[in-house]
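# Examining the three-dimensional arrangement
Here's the letter readout for the chains.
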Amino acid sequence: MTTTHRRRRRRRGEPRARPEAPAQGVPAQPGVAAGDGGAETGDSGIALRFARMCATVAAVLPFGLSRVVDPTFIGFALINGFTFGVDLLLLTAMHGGLGWPIEVSIALGYAAAFGLGFVLNRTLNFRSHAPAGRQVLLYVLVVAFNFGVILLGVGAGLAALGVEYHLARIAAGVCEGVFMYCAMRWVVFRRQANAPA
């Protein structure tokens, strides 16, 4: 097409081709320009698809939750559900299959699940490109605090107050989920002020 034809098309008011916009009702993702394929942020195609899927789910939540639930919370719930399954699978394999002591099996499964959770949340959910060293240190501190204060403190504390231990563990698990999400979003994978929004 010649330059003259391009000028004529613009004069006639015909619209220019525009980059693909997000689906209706799906908010644009932080740091993801519509149609850029992640080239500007360095995100992989899998990370972008995961982010868009979480945004789609968050956008259709009922009872007004779509206005308050961030897509990263959906991603966190999906990833942690998956890593919890990995934790149980490893526990079963190590203790039930290999006959390792229960304490060793629990510790190794817990550590593996939290390590996998770090990698998946960093790459897929929060899509962080900050140096990993500081984030790993913060994450280890958050997990240690979570285990010592939230899981043991809340769980054992409620049980000591007379709450049935299964209910105490569930309550501690809910507290753990809220604490871990907040710590990961606003501490471990916190976006810098000059980072793309």
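One can find the structure itself at the top, above this paragraph.
Analysis parameters
- Residues numbered from 1 in each chain as written.
- Predicted model: local features only at pLDDT ≥ 70, side-chain atom pairs only at ≥ 80, totals over all residues.
- Heavy atoms only, no water.
- Helix = DSSP H or I, 4+ residues; strand = E, 2+ residues; numbered from the N terminus.
- Expected span 1.5 Å × (residues − 1).
- Buried < 20%, exposed > 50% of the residue type's maximum accessible area, 1.4 Å probe, protein only.
- Contact = heavy atoms within 4.5 Å.
- Axes fitted to C-alpha atoms, helices over the stretch in contact; angles between N-to-C directions.
- Parallel < 35°, antiparallel > 145°, perpendicular 65-115°, else oblique.
- Left-handed = near helix turned anticlockwise from the far one by under 90°.
- Nonpolar A, V, L, I, M, F, W, Y, C, P; charged D, E, K, R; others polar.

Our focus in this paragraph is helix α4 (residues 102–125). Spanning 24 residues, α4 covers 32 Å between terminal C-alpha atoms, matching the ideal 34 Å at 1.5 Å per step. Buried within α4 we find S105, G109, Y110, A113, F114, G117, F118, L120, N121, R122, L124 and N125. Along its buried surface, α4 packs onto α2 (45–59), α3 (71–97), α5 (132–160) and α6 (165–188). Phi turns positive one or two residues past the end of α4, at R127, with a value near 45 degrees.

Direction vectors running N to C along α4 and α6 enclose 45 degrees, while the axes themselves pass 12 Å from each other. In terms of their interaxial angle, α4 and α6 are classed as oblique. At the point where α4 passes α6, the crossing takes the right-handed sense. On the side of α4, the interface is formed by Y110, F114, G117, F118 and N121, while α6 contributes E176, M180, M184 and V188. Within the contact of α4 with α6, the residues separate by chemical class into six nonpolar, two polar and one charged.

Time to look at α6. Residues of α6 that are buried: A168, A172, E176, M180, Y181, A183, M184 and V188. In this structure, the buried side of α6 is in contact with α3, α4 and α5.

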